[in-house]
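Inside the fold
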Amino acid sequence: MNIEITPGLAHHQLAESSHPDTRCLVEGFGRQMSSCLDPQRPVLYLDEDLPSGSLRLPHEHVRGQLAWAATGVLRVNTDAGSWLVPPSHAVWITGGLRHEILVVSPASIRYLFVDPSVCERLPDVCQVMSVTPLLRELILRLLTFDLSVPAQGKPARLIQVLLDELAGLETSPLHLPVGQDRRLLAVMNILINNPADSRSLPQLATVAGASPRTLERLFRSEAGLSFRQWRARLRLMEAVQRLGKGESSAAIALSLGYASSSAFVAAFRRYFGQPPQRFAHQGGA
């Protein structure tokens, strides 16, 4: 990712030597599954439990990948930005997309690797999607079958239902886009490193060496959001991450610069359609 960020929402770089048992998912058995092209085995399955701070180093798969943490919070980073994944959601990662996966809080993760031959109905971009009760039960049911052999009978029928359900999942606004322009990145860095920073765009423009009008144009053209929208999304995604770690709404509101806990809850409800604590505890298995 072309953005230098200290440990925060959009990116987190861990030294490989400091986590000797945390290796890229594409190694070993996971690598075999993610690189297997076989329409007779349309979906392959892998699960693992990882501690907070674990990092799956940048890698890519031939197969599309669905990652769902039944417990815990994940963050997926690509050159296009970051996607935050609480237990009530899953992230779809298209085949061939280079990405890394960071475990924000201790997570029990289920991965589905989907053969390109059955991906035509599925999204063609990385996105976070709400996990329905049906999808959750289908995933848990499929793990009871041996998916390494050609799918027949009941497993084959359940896989088709799962693919239908995946194709219809609702996309969630848990993506924080980044840009390429150095002036835009300078402002994004400042805010990501301190989401509570309340400086106005003209004040930040002085630091970045650009006019407020230029920065606003860059936010809209490269991130697809206005400056105010991008900063609001940053704060709310940081809030989701902290909720996943067990922080209270009051503590989050104070640390992120909201006027009050009620102001934070109101902003969260407007954006996500439900209050913070319900959002944090929805889902899981």
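For clarity, every value in this text was computed on a predicted model and none was experimentally measured.

Turning next to the overall build of the protein. The secondary structure content of the protein amounts to ten helices and eight strands. Residues counted as buried form 55% of the 285 residues belonging to the protein. Put simply, of all contacts in the protein between residues at least 6 apart along the chain, 75% involve residues at least 24 apart. Carbon and sulfur atoms make up 51% of the accessible area of the protein, which totals about 12500 Å².

We now examine the layout of surface pockets. Considering only enclosed or pocket space, the largest pocket measures out at about 340 Å³ in volume. Along the walls of the largest pocket sit 13 residues, with Arg228, Ala232, Leu236, Ala267 and Arg270 positioned nearest its centre. Looking at the lining of the largest pocket, the elements with two or more residues in it are helix 7 (227-244) and helix 9 (261-272). With seven residues, the top contributor of residues to the lining of the largest pocket is helix 7. When its residues are assigned to classes, the lining of the largest pocket shows six nonpolar, two polar and five charged.

Next up on the list: the packing of aromatic side chains. What the rule picks out here adds up to seven aromatic pairs. Connected via pairs of aromatic rings, a cluster forms that spans Tyr258, Phe264, Phe268, Tyr271 and Phe272.

Below, the discussion takes up the nonpolar core. When a protein is soluble and globular, its nonpolar side chains tend to lie buried together. Counting 60 residues, the largest nonpolar core has Leu74, Val91, Met188 and Trp230 as the members making the most contacts within it. For this core, the element with the highest residue contribution is helix 7, accounting for eight residues.

Mean pLDDT over the protein works out to 84, with 86% of the residues at or above the 70 mark. When pLDDT is averaged over each element of the protein, helix 6 (residues 212-223) comes out on top at 96 and helix 1 (residues 28-34) at the bottom at 59. Counted against residues more than four places away or in other chains, residues 1-27, with its pLDDT under 50, gives 80 contacts.

Of all eight residues making up strand 1 (residues 43-50), six are buried, and the element is well covered by its neighbours. Here eight bridges tie strand 1 to strand 6 (residues 99-114), and the two strands are oriented antiparallel to one another. Looking across to strand 6, one finds that Asp47 is bridged to Arg110.

Procedures and definitions
Residues numbered from 1 in each chain as written. Predicted model: local features only at pLDDT ≥ 70, side-chain atom pairs only at ≥ 80, totals over all residues. Heavy atoms only, no water. Helix = DSSP H or I, 4+ residues; strand = E, 2+ residues; numbered from the N terminus. Buried < 20%, exposed > 50% of the residue type's maximum accessible area, 1.4 Å probe, protein only. Contact = heavy atoms within 4.5 Å. Areas by Shrake-Rupley, 256 points an atom, 1.4 Å probe, with all protein chains shown as cover. 1 Å grid on protein atoms, 1.4 Å probe; cavity = no way out; pocket = protein on both sides within 12 Å on 5 of 7 lines; lining within 4 Å. Points joined across faces, edges and corners; volume = space filled by probe spheres on them. Nonpolar A, V, L, I, M, F, W, Y, C, P; charged D, E, K, R; others polar. Phe/Tyr/Trp six-rings, centres within 6.5 Å; stacked < 30°, edge-to-face > 60°. Core = buried A, V, L, I, M, F, W, Y, C linked by side-chain atoms within 4.5 Å. pLDDT = per-residue confidence, 0-100. Pairing = 2+ DSSP bridges.

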